[in-house]
Amino acid sequence: MKPLTVGSLVAEPGSKSKTTLGSVGLPSGLSAGIPCMVAHGVEDGPTLVVSGATHGNEIAGTGAIIETMRALDAKRLRGSVIAIPVANPLALDQGSYVTPQDGRNMASRIYWGANPRGTMTDRLGAILSPVYQRADTYIDIHGNHEPAAPMSMLFLSCARDADVRAKTIKLGEAFGVTPVDMSDPVAHPDWVGSADQYPVPVAISQGIPALMVELVTSHTVLDRHRGRKGVMNVMKDLGMIEGPREAQEPPALPGRYKYWGSLATSAAGLAWPRVAPGTLIAKGAIVAEITDLFGDVLETVTSPGDGFLWSINGALYGDRTHAIPEGSDLGFFAEKVS
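Let me begin by describing the structure that accompanies this report. (Residues numbered from 1 in each chain as written. Predicted model: local features only at pLDDT ≥ 70, side-chain atom pairs only at ≥ 80, totals over all residues. Heavy atoms only, no water.)

### A word on the sheet that holds strand 16 (residues 323–324)
Strands belonging to one sheet form pairs held by backbone hydrogen bonds; the direction of such a pair is parallel or antiparallel.
Okay, step 1: Strand order in the open sheet formed by four strands is 14-13-12-16, and the pairing between neighbours is antiparallel. The open sheet has two edge strands, strand 14 (297–302) and strand 16, and neither has a second partner.
Okay, step 2: In the sheet, strand 13 (residues 286–291) pairs with strand 14 via five bridges, with the strands oriented antiparallel. Across the sheet, alanine 288 pairs through a bridge with valine 301, a residue of strand 14. (Pairing = 2+ DSSP bridges. Helix = DSSP H or I, 4+ residues; strand = E, 2+ residues; numbered from the N terminus.)

Encoded structure:
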């Protein structure tokens, strides 16, 4: 097993190391780099790249990555793990979904073709691009705003070929939370960006099996244990470490699911959820009621099919408040297809 070079870091076999990748300048004269941790094994095996905080207000993945790297024994590892606990440190500093300096969403295809002389988001993407492109497998960990249920996203329509598609499905099964195929949704809201342009579907289109995971309690690291279990389950499935899979709680829902989109509301008022995220419901079941400030029901939102809601967001503005204006996206729905 040869040493592994990541940026300026040279990791020896059987070691865990850390470094900072690149640098972008700020008006104050300070600069920001991207933290990176490496576990380099003693035997040949795949390279797994794991990232968190692609959105700076979603740090559940950051906690999961730190827990995973703490738990790994590099002397019993086959292959290598390259972990990026914070992909967008500029957004993290401001608790922002997007890069504050240019307003851009880093969950895009910039890791393949980023401009090192472009905006701040471009420059961060250019720093990370060599890391992501060396992956044999890639996991990008996000976090949903509560109330929410854990799930993982399979962008199967973007897979380069049948082999990448099959391996991606296996990743979702191994991680252990309910996988949802994100292909061709009916009602995908514009504000979350094009579903086939996130880093994971672009990686899949490049031939890299990849998974995007949504943990819960996005603003905290409280769901880190579920994330750590999932990453290590994937590593066991890839033959990188030994041991049985750890069960997730709650377990993945039975059956297969496809992303339907976001349930929108017409009325303005208070949203009263009538189902818990992650609960299987039948087509036509009442999902939520919208009332005025006197408690009178103005609108009843029903399920468009058999399936489950994985997040009941409320309004986009107001930090996901359930006091919603007209035309709000209430929550994300996955339809059961088998």
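### Examining the nonpolar core
Soluble globular proteins tend to pack their nonpolar side chains together in the buried interior.
Okay, step 1: Formed by 54 residues in total, the largest nonpolar core has its most connected members in Tyr132, Phe155 and Trp310.
Okay, step 2: Apart from residues no more than four positions distant in its own chain, phenylalanine 155 is found in contact with Asp181, Met182, Ser183, Ala195, Tyr198, Val200, Pro201, Ile204 and Met212. (Core = buried A, V, L, I, M, F, W, Y, C linked by side-chain atoms within 4.5 Å. Buried < 20%, exposed > 50% of the residue type's maximum accessible area, 1.4 Å probe, protein only. Contact = heavy atoms within 4.5 Å.)

### Observations concerning the pattern of salt bridges
Okay, step 1: Inspection of the entire model under this criterion finds 14 salt bridges.
Okay, step 2: One salt bridge connects arginine 78 with glutamate 43, and the closest N-O pair in it is separated by 3.7 Å. A residue pair is termed long-range when its members are at least 10 positions apart, and arginine 78 in strand 6 (residues 78–84) and glutamate 43 in strand 5 (residues 43–52) qualify at 35 residues.
Okay, step 3: Classification of glutamate 43 by relative accessible area gives partly exposed; the value is 43%.
Okay, step 4: Taking the shortest distance from any N to any O, the salt bridge between aspartate 223 and arginine 226 comes out at 2.9 Å. Exposure class is identical for aspartate 223 and arginine 226. Each is buried. (Salt bridge = Lys/Arg side-chain N within 4 Å of Asp/Glu carboxyl O.)

### Let's talk about the packing of helix 4 (residues 162–175) against helix 6 (residues 224–237)
Any two packed helices are characterised by the angle at which their axes cross and by the distance between the axes.
Okay, step 1: Contact geometry for helix 4 and helix 6: axes closest at 8 Å, N-to-C directions at 130°. The angle between helix 4 and helix 6 falls in the class oblique. By crossing handedness, the relation of helix 4 to helix 6 is classed as right-handed. From helix 4, Lys170, Leu171, Ala174 and Phe175 reach across to helix 6, where they touch Arg226, Gly227, Gly230, Val231, Asn233, Val234 and Asp237.
Okay, step 2: Here the residues of the contact of helix 4 with helix 6 are counted per class, giving five nonpolar, three polar and three charged. (Axes fitted to C-alpha atoms, helices over the stretch in contact; angles between N-to-C directions. Parallel < 35°, antiparallel > 145°, perpendicular 65-115°, else oblique. Left-handed = near helix turned anticlockwise from the far one by under 90°. Nonpolar A, V, L, I, M, F, W, Y, C, P; charged D, E, K, R; others polar.)

### Here we look at the packing of aromatic side chains
Okay, step 1: Enumeration over the complete set of coordinates arrives at eight aromatic pairs.
Okay, step 2: Aromatic pair tyrosine 111 and tyrosine 132: ring centres 4.4 Å apart, planes at 55°, arrangement tilted. Placement of tyrosine 111 in the loop between helix 2 (89–94) and helix 3 (120–132) and of tyrosine 132 in helix 3 is noted, with a sequence separation of 21 residues between them. With respect to class, tyrosine 111 is no different from tyrosine 132; both count as buried.
Okay, step 3: Plain terms: the ring middles of phenylalanine 155 and tyrosine 198 are 5.9 Å apart, the flat faces sit at 85° to each other, and that makes the pair edge-to-face. With a gap of 43 residues between them, phenylalanine 155 in the loop between strand 8 (151–154) and helix 4 and tyrosine 198 in the loop between strand 9 (178–181) and helix 5 (199–205) connect regions that are remote in the sequence.
Okay, step 4: Classification of phenylalanine 155 by relative accessible area gives buried; the value is 2%.
Okay, step 5: Residue classification places tyrosine 198 among the buried positions, given a relative accessible area of 7%.
Okay, step 6: Taken together, the aromatic side chains of Tyr111, Tyr132 and Tyr138 make up a single cluster linked through ring pairs. (Phe/Tyr/Trp six-rings, centres within 6.5 Å; stacked < 30°, edge-to-face > 60°.)

### Focus: unusual backbone geometry
Okay, step 1: Across the junction of glutamate 146 and proline 147, the peptide omega takes the value 0°, indicating a cis bond.
Okay, step 2: Relative to the helices and strands, proline 147 is located in the loop between strand 7 (137–143) and strand 8.
Okay, step 3: A cis amide bond links glutamate 249 to the next residue, proline 250, at an omega of 0°.
Okay, step 4: Summarising the element assignment, proline 250 is placed in the loop between helix 6 and strand 11 (257–264).
Okay, step 5: The phi torsion at alanine 53 lies on the positive side, around 50°, for a residue other than glycine.
Okay, step 6: Its identity is not glycine, yet threonine 217 carries a phi of approximately 50°, on the positive side.

Such coordinate-based values are descriptive only and should not be taken to indicate function.
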